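Chain and residue survey
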Amino acid sequence: MPHIAIDNKLPGITGLLTLRPDTGAPLSLLADALLRSPAPMSRGERELVAAYVSDLNGTRFCTNSHSAFAAAQLEGGEELVKAALADPASAPLTERMRALLRIAGEVRGQVGPVSQEAVAAARAAGAGDTEIHDTVLIAAAFCMYNRYVDALATDLPEDPGFYAEGAKRIVNSGYGQGD
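In this report, the structure presented in the accompanying data block is examined. Note that this is a predicted model, so its numbers are computed, not measured.

1. Examining the nonpolar core
Within soluble globular proteins, side chains that are nonpolar generally end up buried alongside one another. Counting 51 residues, the largest nonpolar core has Leu48, Leu93 and Ile103 as its most contacted members. In terms of residue count, helix 8 (residues 129-151) provides more of this core than any other element does, eight residues in total. Excluding residues that lie within four positions of it along the chain, leucine 93 makes contacts with Leu48, Leu80, Ala84, Pro88, Arg98 and Leu101.

2. Here's the deal with the environment of glutamate 106
Inspection of the secondary structure puts glutamate 106 in helix 6 (residues 95-109). For glutamate 106, a relative accessible area of 17% gives the class buried. Distance from glutamate 106 to valine 53, taken between C-alpha atoms, is 9.6 Å for residues 53 residues apart in sequence. In contact with glutamate 106, other than residues within four places in its own chain, are Val114, Ser115 and Ala118.

3. A look at the packing of helix 3 (residues 43-56) against helix 6
Contact geometry of helix 3 with helix 6 gives a least axis separation of 10 Å together with a crossing angle of 40 degrees. With respect to their mutual orientation, helix 3 and helix 6 come out oblique. When you trace helix 3 past helix 6, the crossing you get is right-handed. Side by side, helix 3 and helix 6 meet where Glu45, Leu48, Val49, Tyr52, Val53 and Leu56 of the first sit next to Arg96, Met97, Leu101, Ala104, Gly105 and Arg108 of the second. The residue inventory of the contact of helix 3 with helix 6, partitioned by class, reads eight nonpolar, one polar and three charged.

4. Quick look at the packing of aromatic side chains
For the coordinates displayed, the defined rule picks out five aromatic pairs. Between phenylalanine 61 and phenylalanine 162, the ring centres sit 6.0 Å apart and the planes meet at 50 degrees, which makes this aromatic pair tilted. Here phenylalanine 61, found in helix 4 (residues 60-71), pairs with phenylalanine 162, found in helix 9 (residues 162-173); they are 101 residues apart in sequence, far enough to count as distant. With respect to burial, phenylalanine 61 and phenylalanine 162 carry one shared label: buried.

Criteria and thresholds
Residues numbered from 1 in each chain as written. Predicted model: local features only at pLDDT ≥ 70, side-chain atom pairs only at ≥ 80, totals over all residues. Heavy atoms only, no water. Core = buried A, V, L, I, M, F, W, Y, C linked by side-chain atoms within 4.5 Å. Buried < 20%, exposed > 50% of the residue type's maximum accessible area, 1.4 Å probe, protein only. Helix = DSSP H or I, 4+ residues; strand = E, 2+ residues; numbered from the N terminus. Contact = heavy atoms within 4.5 Å. Axes fitted to C-alpha atoms, helices over the stretch in contact; angles between N-to-C directions. Parallel < 35°, antiparallel > 145°, perpendicular 65-115°, else oblique. Left-handed = near helix turned anticlockwise from the far one by under 90°. Nonpolar A, V, L, I, M, F, W, Y, C, P; charged D, E, K, R; others polar. Phe/Tyr/Trp six-rings, centres within 6.5 Å; stacked < 30°, edge-to-face > 60°.

This is the structure:
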């Protein structure tokens, strides 16, 4: 049961963004900028970073949502995402993506600089400054989003198809208010 009254009956962050459009709109715009704007990392890769951080944080709504969004945009789909969340080191990912997930994990786990070793590994695997920057920012933002969703004890969707339907919306339209 959520800690606050959410009168729209929408689960997870969806209900919070709809409840408070004054804060929901900028949070949606931030998600859209981080996960959908033109960037060296594909949209699917950026969604995978969001799913990975959410999984490390134990935020089921965000893990399930962003896993579905990543799966819809990555070759390898759901099986690739499951493997990456379970163990990036053995998942069928590029070395670059493994290194970027390592950076994301460090951002999630500490307040302070990412290790020189993690940055060097990302660079050695072909990641540039923009990819390293974007990974850090996505990971940091998703720590905030995860805490927002879980701290208010938002509901999980009852319909198991919720995440797949959300993936269709996100892939086609992006993170509009309430998505």
